[in-house]
Amino acid sequence: MKINWGTGIVLSFIGFISFIMFFVVRMNTDNRANHDLVTEDYYKKELSFQKEIDAEKEANALPTQLQLKRIEEGLQIRFPKEMDATKIDGIVSLYRPSNKHLDFDLPISLSNAHLLIPDKRLLDGRWDITIRWTYDGKNYLVKKSMTY
C-alpha cells in the first residue's frame, strides 16, 4: 500500500490530536492533579472583602506592628505592646497552598503579649497566615506569607 502526502498529513493530525487528548484525559482523571477551589465559600467571602480592607488599615495604623518570628519551639506571634493581651480575642488561620488537609485555625487566647504555634504543627514549606483579632471593639487583620 502506498501512502501519498495527503494521507500522511491526515494521519499526522490524527496522531497529534490523539496525543493531546490522551494528556487531557489523563490530567482530568489523575488524583495528583487536584482541582479544588482555594476556599469553599468563594463568593460569600468576596462580599466581606471591604471589611477585610478596613481591618487591614486598622492594623497598619498601629504604632507597633504585629511580628512573626520563628523560634526553636515554633512560630511566635507578638501582638503590639500597646494592647492589653487579656482583651485580645480572635483567630489565627494557617493555610497551606500545597495541601488543604494541613490547614488549621487556632483561637487567640493570651495571658501575655505573644502566641506560640508549636513546631510539630508546622511542616516545612510555604504557609499563608491570616491573623484576625478584636480589641476594644475594633477589628484588625494581618496577612503574611512565610516559608517555614
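Residues numbered from 1 in each chain as written. Predicted model: local features only at pLDDT ≥ 70, side-chain atom pairs only at ≥ 80, totals over all residues. Heavy atoms only, no water.

S.K.: Residue-level account of unusual backbone geometry, with values.
M.R.: Most peptide bonds take the trans configuration, and most residues that are not glycine carry a negative phi. Positive phi, close to 50°, is recorded for Asp136, a residue that is not glycine. Along the chain, the position of Asp136 falls in the loop between strand S6 (126-135) and strand S7 (138-147). (Helix = DSSP H or I, 4+ residues; strand = E, 2+ residues; numbered from the N terminus.)

S.K.: Run through the environment of Asp84, naming residues and quoting values.
M.R.: Mapped onto the fold, Asp84 is located in the loop between strand S2 (74-78) and strand S3 (89-95). Expressed as a C-alpha distance, the spacing of Asp84 and Asn60, which sit 24 residues apart in the sequence, is 18 Å. A polar side-chain atom of Asp84 sits 3.0 Å from a polar atom in the side chain of Thr86. (Polar contact = N/O pair within 3.5 Å; in protein donor to acceptor, adjacent residues only side chain to side chain.)

S.K.: Summarise a negative patch on the surface; cite the residues concerned and give the values.
M.R.: Together, Glu72, Glu73, Asp119 and Asp124 make up a negatively charged patch on the protein surface. Looking at the secondary structure, you find Glu73 in the loop between strand S1 (67-71) and S2. Residue class for Glu73 comes out partly exposed when judged on its relative accessible area of 48%. (Patch = residues over 30% accessible without salt bridge, like charges linked within 9 Å, V, L, I, M, F, W, Y side chains within 5 Å. Areas by Shrake-Rupley, 256 points an atom, 1.4 Å probe, with all protein chains shown as cover. Salt bridge = Lys/Arg side-chain N within 4 Å of Asp/Glu carboxyl O. Lys, Arg positive; Asp, Glu negative; His and termini not counted. Charge placed at Lys NZ, Arg CZ, Asp CG, Glu CD. Buried < 20%, exposed > 50% of the residue type's maximum accessible area, 1.4 Å probe, protein only.)

S.K.: Kindly report on the sheet that holds S2, identifying the contributing residues and their values.
M.R.: In space, the 3 strands of this open sheet follow the order S1-S2-S5, with antiparallel pairing throughout. Where the open sheet ends on each side, the last strands, each with one partner, are S1 and strand S5 (114-118). Here the strands of the sheet are splayed against their neighbours by 20° on average, with no regard to which way each runs. Bridge count between S2 and S5: 5 bridges; the pairing is antiparallel. Paired with Leu75 across the strands is Ile117, a residue of S5. (Pairing = 2+ DSSP bridges. Axes fitted to C-alpha atoms, helices over the stretch in contact; angles between N-to-C directions.)

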